[in-house]
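As a plain string of letters, each chain reads:
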Amino acid sequence: MAERLLDVKGLTTHFFTDEGVVRAVDGIDFYIDKGETLGIVGESGCGKSVTALSIMRLIPQPPGRIVRGQIHYNGRNLLDLTPKEMRKIRGKEISMIFQEPMTSLNPVFTVGEQIAEALRLHEGLNRRDAMDRAIEMLRLVHIPNADRRAREYPHQLSGGMRQRVMIAMALSCSPNLLIADEPTTALDVTIQAQILELLNELKAKLNMAVMLITHDMGVIAETAQRVVVMYAAQVVEEASVGELFKEPLHPYTQGLLRSIPRIDLAATERQRLKTIPGTVPTLRGDIRPGCRFAPRCELARPSHFENDPVLKEARPGHKVACFLY
């Protein structure tokens, strides 16, 4: 049995705004084993990024607050740690690649200085050694002319280069867990493939676990071992990647997979791309009881609007929150 690295139980994060309480993450459970890649998928606004920021303890306060739940990392509950204790873990043992590299990198410092800062802080290196190690990290993520690039500013680099700098920064202290928040969203297809290949290569080299957040099922199929599907701030399905693609159980997961263009069938069958009807529910204010996907589900019955489905094991290793199982 694999050794558990991260175990999230009942995580609930709310934002208290002038328009009401936004239930961004509402009682989710999942785990990550050592050396494993866990994919988290779902539509924009379903709570993926807020889950990552909650684990990192980077929720802006106010208006956000982790209301309840537990985040156990190597047996310690991260929510019980002081800010000083958390700073020792954040960036060293748990690192994060943020969604938009242009806004995550500081425009007034060179990329080498920004990588070196993390090394000086966590590894205790002096300025020269930290810069040498930063250049080494840039080489590791396959940036050509690393010595010269280390002296350049973020605006002088392309989107793919900036994303590689973010990866180099996140991996500079050899973390046990890397949280990658949509690391390929703003990149073209060729660069996407290179970044995913790079993440897989570095994961094997450093023996780290990866939590990969995306809305691209193709990325999940290529890189993850297990997948968690989120909808409206809750986990609706969890399974191994092979099991999920072979036989998705939740109607929402089925809808996600049906909405992907099938190149292998395009030449023989002319089919319209299927969409999920309706819109994502608002998470502001009082949320009515019942399945949150029911208003968009073709299989919904009247009773599904009255009670909340529980995430339970429908098959060995395959959990689903649906009244149909």
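Residues numbered from 1 in each chain as written. Predicted model: local features only at pLDDT ≥ 70, side-chain atom pairs only at ≥ 80, totals over all residues. Heavy atoms only, no water.

J.: Please explain the confidence of the model for the protein chain as it appears in this structure.
T.: The predicted coordinates ought not to be read in detail in places where the model reports low pLDDT. Summary statistics for the protein chain give a mean pLDDT of 86 and a share of 95% for residues scoring 70 or more. Here helix 12 (residues 263-266) is the element of the protein chain with the lowest mean pLDDT, 64, and strand 9 (residues 226-231) is the one with the highest, 94. (pLDDT = per-residue confidence, 0-100. Helix = DSSP H or I, 4+ residues; strand = E, 2+ residues; numbered from the N terminus.)

J.: Sorry if this is basic, but what is going on with the sheet that holds strand 6 (residues 94-97) here?
T.: Sheets are built from strands that pair by backbone hydrogen bonding, the pairs being arranged parallel or antiparallel. Strand order in the open sheet made by the eight strands is 6-7-8-3-9-10-12-11, with mixed pairing throughout. The two strands at the open ends of the sheet, each matched to only one other strand, are strand 6 and strand 11 (312-315). Direction aside, the axes of adjacent strands within the sheet are offset by 25 degrees on average. Seen against the sheet, helix 7 (residues 159-171) touches strand 6 and strand 7 (177-181) and runs at an angle of roughly 175 degrees to strand 6. (Pairing = 2+ DSSP bridges. Axes fitted to C-alpha atoms, helices over the stretch in contact; angles between N-to-C directions. Contact = heavy atoms within 4.5 Å.)

J.: What should I look at first to understand the side chain of Arg-149 in this one?
T.: Here Arg-149 shows up in helix 6 (residues 146-149). Within the local environment of Arg-149, its side chain forms a polar contact with the side chain of Glu-152, the two groups lying 2.9 Å apart. Once you skip the residues sitting within four places of it in the chain, Arg-149 turns out to touch Val-111, Ile-143, Pro-144, Gln-156, Leu-157 and Met-161. (Polar contact = N/O pair within 3.5 Å; in protein donor to acceptor, adjacent residues only side chain to side chain.)

J.: Can you walk me through the packing of aromatic side chains in this structure?
T.: Tallying each qualifying case throughout the model produces three aromatic pairs. Geometrically, the ring pair formed by Tyr-231 and Phe-293 is edge-to-face, given 5.2 Å between the ring centres and 85 degrees between the ring planes. Separated by 62 residues along the polypeptide, Tyr-231 in strand 9 and Phe-293 in the loop between helix 12 and strand 11 bring together distant segments of the chain. Accessibility assignment for this pair places Tyr-231 and Phe-293 in one class, buried. Of the aromatic side chains, those joined through ring pairs into one cluster are Tyr-231, Tyr-252 and Phe-293. Sitting over the face of the ring of Tyr-31, Arg-4 holds its NZ or CZ atom 3.7 Å from the ring centroid. A cation over an aromatic ring shows up here: Arg-226 above the ring of Tyr-31, its NZ or CZ 4.0 Å from the ring centre. (Phe/Tyr/Trp six-rings, centres within 6.5 Å; stacked < 30°, edge-to-face > 60°. Buried < 20%, exposed > 50% of the residue type's maximum accessible area, 1.4 Å probe, protein only. Lys NZ or Arg CZ within 6 Å of the ring centre and 35° of its normal.)

J.: Quick question: what am I supposed to make of the sheet that holds strand 1 (residues 4-17) here?
T.: Within the open sheet, the four strands sit side by side as 2-1-4-5. Their pairing is antiparallel. Because the sheet does not close on itself, it has two edges, and the strands there are strand 2 (20-33) and strand 5 (76-77). With two bridges connecting them, strand 4 (residues 64-73) and strand 5 associate as antiparallel partners. The residue of strand 5 that forms the bridge with His-72 is Asn-77.

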